[in-house]
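Letter by letter, the chains look like this.
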Amino acid sequence: MNPNNQPNQNSGQPNTNSRPPQNPRPNRQGPGRNQNNKNSNRRPSSNPSQPAHAGRSVSRGAAMRAQKRNQEDATRIASQHLDASSKNQQTRRANFVDDTPRLSIVGLGGMDGGGSKNTILVEYLNDAVIMDCGNDLGVDLPGINYGIVDTTYLESIKHKLRAYIITHGHLDHIGGLPHIVPRFPAPIYGSKFTIGRVEEIFGNFGLPMPDGFELQTVMMNEDTHERLKIGNFFVELVRVTHSIPGSTCIVLDTPVGRLINTGDFRFDPNPLDHEKTDMERLKQLGDEGVLALLSESTTTDRPGWTPSESTIEDSISDIMANAPGRVFVGLFSTNMNRVQMIINAAVSHNRKVAMDGRSMVSTLEMAVRHGFVRIPKGTFVPIASAGTMNDQDLVVVCTGSQGEPSSALQRMSSGDHRHVKLKEQDTVILSSSPIPYSGNDAKIRSMVDDFMKKGVHIFQHITRDIDQHGPLHVSGHASVDEYAEMINVTKPKFFVPIYGDYTAKKRHIDIAIDNGIPRKNTINADNGEIIAFTSDTMEPAGTVPHGTVLVDQTGAIVSNIVVKDRLMLAEEGLVAVVLTVDKRTGQLATSPDIISRGFIYMRDNEDLMNEFRTELRRAVGQRFRRVDLDRFKQELREHVTHFLFEHTQRSPIVIPVVNVIGGSKPDGNGTAQKNNGNQRSQQQAPQPVEVPPTPEEQAEDVQKRFKEMRAKLLNQDARTD
């Protein structure tokens with residue numbers, strides 16, 4: 001048990017199959033445990049809200065084991081996102097001696113889970129750079145918004161850090177920057193659009209920056225093959241197509257050899273912005289020699305080639321032309337090329353365009369400012385006017401294509417949007433597919449259900465054949481033949497798959513082997529694993545501390561222990577027991593106060609509560625004066641856990657609060673502070689020393705104080721008793 005009331009928890013299901021021992025031994029540990037075993041044969045209740053007599057006798061050990069299982073379940077779930085200190089990691093050194101200067105590559109993030117919090121460290125002697133610095137939006141824990149990489153190892157090499165180099169502006173590649181760069185300052189390099197996105201997220205970040213911090217950015221021109229010196233490295237960006245403008249490969253020339261980080265890419269022969277992948281430059285780099293290719297692995301299980309973005313243009317235009325009323329298009333907020341396509345289609349059909357979704361509006365403003373999106377004058381109208389315009393005159397472009405809670409499209413589907421109330425003749429186009437590994441399918445399906453109930457016309461990419469319309473979405477990632485083409489063009493000596501889970505990276509290694517890379521020249525590394533290079537060798541070289549730091553909606557860091565508590569509360573609830581004990585008699589001065597949150601509704605379980613209070617009185621009478629206060633609270637916690645599990649087969653978090661009166665003053669934590677002799681509590685009204693208060697005055701004062709304390713603790717909540 002944890003004496004600090006902090007369970008080591010995890011979200012387990014209650015163990016309803018726990019059986020009492022065949023020969024139960026008398027319980028001699030707990031406070032005031034009833035040793036009468038006459039109810040040992042009663043059957044468990046399937047309804048935990050039934051009165052006490054519906055429970056069954058179980059040993060204290062069974063109750064403690066059930067609670068331990070819940071804690072272990074919570075630990076298992078929360079441990080998927082542990083930071084380095086929680087993992088108690090230490091750097092493992094290689095088991096050989098090599099004095100040759102070597103280049104080290106470490107995936108601090110992005111080497112698991114479908115490519116999230118993508119962050120790769122490159123280190124050589126006294127210089128280091130970080131390629132990408134993203135967050136993980138797929139963390140499904142109570143109150144957690146996203147995760148970022150643990151920076152424990154960066155603390156030890158921060159004097160080496162020369163730059164952050166970013167492939168493109170998606171949050172899984174830039175979302176960690178506002179948290180990490182202020183602590184480990186260095187200039188951020190990227191394309192024009194990428195730097196615009198970086199400045200945007202810093203400007204919108206909810207927390208203040210440290211005093212003296214100044215954001216330093218360097219815009220690079222990927223079209224002119226500009227090369228910049230960074231310490232012992234030279235960096236160049238090469239244009240690739242993806243689902244966001246300004247996407248690039250990173251070419252890093254090191255003293256050991258050339259590295260290429262592909263970033264997220266595809267080979268679109270006809271992109272909407274006409275900015276094709278710079279295949280000519282990639283071929284030149286391959287001919288000059290590439291030591292190692294670090295290639296993203298998101299969709300290595302998809303055969304062939306990814307269709308061109310231009311294939312969806314006619315589909316959206318046709319739907320818009322035949323729509324009887326307003327048209328709503330949901331898509332990713334950063335896909336500005338598709339936004340431009342929708343604007344062009346709306347103008348051609350004489351419709352105005354309204355934008356909704358803070359992230360989309362913010363990105364669009366930046367894109368227009370930098371010339372990536374062009375909007376004819378008079379095209380845009382405010383979303384507030386959506387209810388006043390003719391239905392045939394409006395197209396709304398909004399966020400929420402993944403069914404995200406509180407997104408614009410989701411609020412429209414549920415009828416909670418401030419300015420838009422959907423009508424039967426409205427048309428909704430979901431121009432996206434569920435993000436891989438995210439589990440968004442159920443959210444999208446639920447949102448579509450809400451649209452269908454309102455009679456809205458709904459068009460999705462996944463139902464295009466049934467609904468007889470063209471494609472509405474194409475992936476921003478390569479397919480198998482494109483991954484193979486990248487390997488054949490760059491002709492690397494060594495191959496390291498990145499930005500994917502183990503299975504996706506294993507498939508990528510198979511693609512590399514099929515295209516001439518020797519198996520011994522490939523490696524499937526996990527987060528934190530060091531890959532050491534010389535000009536002729538590549539080998540694992542130990543690990544560095546790594547992990548995940550959890551962030552809430554405000555941008556603040558959340559402790560893993562707090563997350564475990566939340567998981568336990570979500571599964572089992574909480575019971576607080578507030579006891580007021582007279583120090584002189586060792587008996588309860590008032591009836592026990594019991595507070596239940598997420599456990600049972602007490603007013604529906606009066607029999608259980610009455611028996612519970614009886615047990616508490618017995619516990620106080622038998623044990624309070626025999627052990628010190630801390631020991632008593634520990635025994636009380638175990639006794640309550642046993643009692644509740646016996647009667648409900650559930651193990652909530654139990655918090656005992658013991659207020660001691662008569663010769664001591666309760667402190668703010670429910671513990672007692674000693675006073676000299678029999679001096680009365682300082683909370684009593686001062687009396688002349690020579691005239692002690694009468695017993696009636698003492699009793700009245702005590703009752704007054706505890707009435708106030710009880711009201712404060714219970715807060716007049718209907719779930720308390």
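Treat the numbers as computed from the prediction; the structure is a model and nothing was measured.

1. With respect to the overall build of the protein chain
At step 1: For the protein chain, the count of helices and strands is 19 helices and 28 strands.
At step 2: Among the 721 residues that make up the protein chain, the fraction classed as buried is 55%.
At step 3: When contacts within the protein chain are restricted to residue pairs at least 6 apart in sequence, those whose partners lie at least 24 apart make up 74%.
At step 4: Just so you have it, the protein chain exposes about 32800 Å², and 46% of that area is on carbon and sulfur atoms.

2. Things to note about the sheet that holds strand S4 (residues 146-149)
At step 1: In spatial order, the strands read S4-S21-S22; together these 3 strands make up an open sheet with antiparallel pairing. Only two strands of the sheet have a single neighbouring strand rather than two, namely S4 and strand S22 (557-558).
At step 2: Across 4 bridges, S4 lies against strand S21 (residues 548-551) in antiparallel orientation. Bridge assignment links Tyr146 to a residue of S21, and that residue is Val551.

3. Thoughts on the nonpolar core
At step 1: Formed by 32 residues in total, the largest nonpolar core has its most connected members in Val122, Ile165 and Phe533.
At step 2: Ignoring any residue separated from it by four or fewer positions in sequence, one finds Phe533 in contact with Arg102, Leu103, Ile105, Val256, Leu291, Ala292, Phe494, Val496 and Met538.
At step 3: Counting 30 residues, the second-largest nonpolar core is a separate cluster that includes Ile316, Ala323, Leu331 and Val397.

4. Overview of the side chain of Ser191
At step 1: Position of Ser191 among the secondary structure elements: in the loop between strand S6 (188-190) and helix H6 (192-204).
At step 2: In this structure, Ser191 is in contact with Met220, Glu222, Leu237, Gly246 and Thr248, ignoring residues within four places of it in sequence.

5. Let's talk about the sheet that holds strand S11 (residues 258-261)
At step 1: Spatial strand order, S8-S9-S10-S11-S12-S18: 6 strands in an open sheet with mixed pairing. Only two strands of the sheet have a single neighbouring strand rather than two, namely strand S8 (227-230) and strand S18 (492-498). Strand-to-strand twist across the sheet, computed as the mean angle between neighbouring axes with direction ignored, equals 20°.
At step 2: Pairing between S8 and strand S9 (residues 233-239): 4 bridges, direction antiparallel. Paired with Lys229 across the strands is Phe234, a residue of S9.
At step 3: Here helix H14 (residues 480-490) sits on the sheet and contacts strand S10 (248-253), S11, strand S12 (290-296) and S18; the angle it forms with S12, its principal contact strand, is near 165°.
At step 4: Contacting S12 and S18, helix H15 (residues 502-514) runs over the sheet at an angle of about 160° to S18.

6. Section: the pairing of strand S3 (residues 127-133)
At step 1: Counting buried positions along S3 gives 7 out of 7 residues, so the element sits mostly inside the fold.
At step 2: Alignment of strand S2 (residues 119-124) against S3, held across 6 bridges, turns out to be antiparallel. Opposite Ile120, over in S3, you have Met131 as the bridge partner.
At step 3: By the bridge criterion, 4 bridges tie S3 to strand S5 (residues 161-165) in an arrangement that is parallel. From the neighbouring strand, Val129 faces S5, where its bridge partner is Ala163.

7. Notes on the packing of aromatic side chains
At step 1: Applying the stated criterion to the full structure yields 8 aromatic pairs.
At step 2: The interplanar angle of 85° and the centroid separation of 4.9 Å between the aromatic rings of Phe193 and Phe372 together place this pair among those described as edge-to-face. Remark: Phe372 occurs in the loop between helix H10 (358-369) and strand S15 (394-398) and Phe193 occurs in helix H6; sequence separation between them is 179 residues.
At step 3: By relative accessible area, which is 0% here, Phe193 ends up buried.
At step 4: Look at Phe624 and Phe632: their rings are 5.5 Å apart centre to centre, the planes differ by 90°, and that puts the pair in the edge-to-face class.

8. Details of empty space enclosed by the protein
At step 1: Summed over all chains, the structure comprises 2 cavities of 30 Å³ or more.
At step 2: Estimates place the volume of the largest cavity at around 50 Å³.
At step 3: Along its surface, the largest cavity is lined by Ile105, Val106, Gly107, Met111, Ile120, Leu294, Val496, Ile498, Ala525, Asp526, Glu529 and Ile531.
At step 4: Mapped onto the lining of the largest cavity, the elements with two or more residues apiece are strand S1 (103-109), S18 and strand S19 (529-533).
At step 5: It is S1 that provides the largest number of residues to the lining of the largest cavity, a total of 3 residues.
At step 6: Across the lining of the largest cavity, the residue classes tally to 9 nonpolar, 1 polar and 2 charged.

9. Focus: helix H17 (residues 606-623)
At step 1: The end-to-end C-alpha distance of H17, which contains 18 residues, comes to 26 Å, matching closely the 26 Å that a straight helix rising 1.5 Å per residue would cover.
At step 2: Among all positions of H17, only Leu608, Met609, Phe612, Arg613, Glu615, Leu616, Ala619, Val620 and Arg623 are buried. Looking down the long axis of H17, one finds its buried residues gathered within 165° of arc, a one-sided arrangement.
At step 3: Residues of H17 that are buried in the fold lie against strand S23 (574-582), strand S24 (587-588), strand S25 (593-597) and helix H18 (629-648).

10. What to know about the pairing of strand S20 (residues 538-543)
At step 1: The pairing of S19 with S20 spans 4 bridges and is classified as antiparallel. Within the sheet, the bridge partner assigned to Ala532 lies in S20 and is Glu539.
At step 2: Hairpin connection, S19 to S20: the antiparallel pair is bridged by 4 residues.

11. Considering the pattern of salt bridges
At step 1: Tallied over the full model, the rule gives 26 salt bridges.
At step 2: Here Asp287 makes a salt bridge to Lys491, at a shortest N to O gap of 2.5 Å. One end of the pair, Asp287, is in helix H7 (residues 279-288); the other, Lys491, is in the loop between H14 and S18, with 204 residues separating them in the sequence.
At step 3: Given the relative accessible area of 58%, Asp287 is considered exposed.
At step 4: Look at Lys491 and you get partly exposed, because its relative accessible area is 44%.

12. Remarks on the confidence of the model for the protein chain
For residues with low pLDDT, the predicted coordinates do not support detailed interpretation.
At step 1: Predicted confidence across the protein chain gives a mean pLDDT of 83, with 78% of residues reaching 70 or more.
At step 2: Of the regions scoring below 50 in pLDDT, residues 664-690 engages in 37 contacts with residues more than four places distant in sequence or in other chains.
At step 3: The low-confidence segment residues 716-721, where pLDDT is below 50, has 19 contacts with residues more than four positions distant or belonging to other chains.

13. Describing the environment of His225
At step 1: With respect to the helices and strands, His225 occurs in the loop between strand S7 (217-219) and S8.
At step 2: On a C-alpha basis, the gap between His225 and Leu237 in space is 6.8 Å, while along the polypeptide they are 12 residues apart.
At step 3: Leaving out residues up to four positions away in the same chain, His225 has contacts with Glu236, Asp278 and Arg281.
At step 4: At a separation of 3.0 Å, a polar atom in the side chain of His225 contacts the side chain of Asp278.

14. Regarding unusual backbone geometry
At step 1: Look at Asp132: it is not a glycine, yet its phi comes out positive at around 70°.
At step 2: Among the secondary structure elements, Asp132 is positioned in strand S3.
At step 3: A positive phi is found at His225, a non-glycine position, where the angle reads about 60°.
At step 4: Residue classification places His225 among the partly exposed residues on the basis of a relative accessible area of 29%.

15. Observations regarding the packing of helix H8 (residues 313-322) against helix H9 (residues 336-348)
At step 1: In the contact formed by H8 and H9, the axes pass within 10 Å of each other and the chain directions differ by 40°. By the angle class used here, H8 and H9 are oblique. Regarding H8 and H9, the two cross each other, and that crossing is right-handed. Seen from H8, the contacting residues are Glu313, Ile316 and Met320; seen from H9, they are Met341, Ile342, Ala345 and Ala346.
At step 2: Here the contact of H8 with H9 is composed, by residue class, of 6 nonpolar, no polar and 1 charged.

Cut-off values and rules
Residues numbered from 1 in each chain as written. Predicted model: local features only at pLDDT ≥ 70, side-chain atom pairs only at ≥ 80, totals over all residues. Heavy atoms only, no water. Helix = DSSP H or I, 4+ residues; strand = E, 2+ residues; numbered from the N terminus. Buried < 20%, exposed > 50% of the residue type's maximum accessible area, 1.4 Å probe, protein only. Contact = heavy atoms within 4.5 Å. Areas by Shrake-Rupley, 256 points an atom, 1.4 Å probe, with all protein chains shown as cover. Pairing = 2+ DSSP bridges. Core = buried A, V, L, I, M, F, W, Y, C linked by side-chain atoms within 4.5 Å. Axes fitted to C-alpha atoms, helices over the stretch in contact; angles between N-to-C directions. Phe/Tyr/Trp six-rings, centres within 6.5 Å; stacked < 30°, edge-to-face > 60°. 1 Å grid on protein atoms, 1.4 Å probe; cavity = no way out; pocket = protein on both sides within 12 Å on 5 of 7 lines; lining within 4 Å. Points joined across faces, edges and corners; volume = space filled by probe spheres on them. Nonpolar A, V, L, I, M, F, W, Y, C, P; charged D, E, K, R; others polar. Expected span 1.5 Å × (residues − 1). Arc of directions from axis to C-beta. Salt bridge = Lys/Arg side-chain N within 4 Å of Asp/Glu carboxyl O. pLDDT = per-residue confidence, 0-100. Polar contact = N/O pair within 3.5 Å; in protein donor to acceptor, adjacent residues only side chain to side chain. Parallel < 35°, antiparallel > 145°, perpendicular 65-115°, else oblique. Left-handed = near helix turned anticlockwise from the far one by under 90°.

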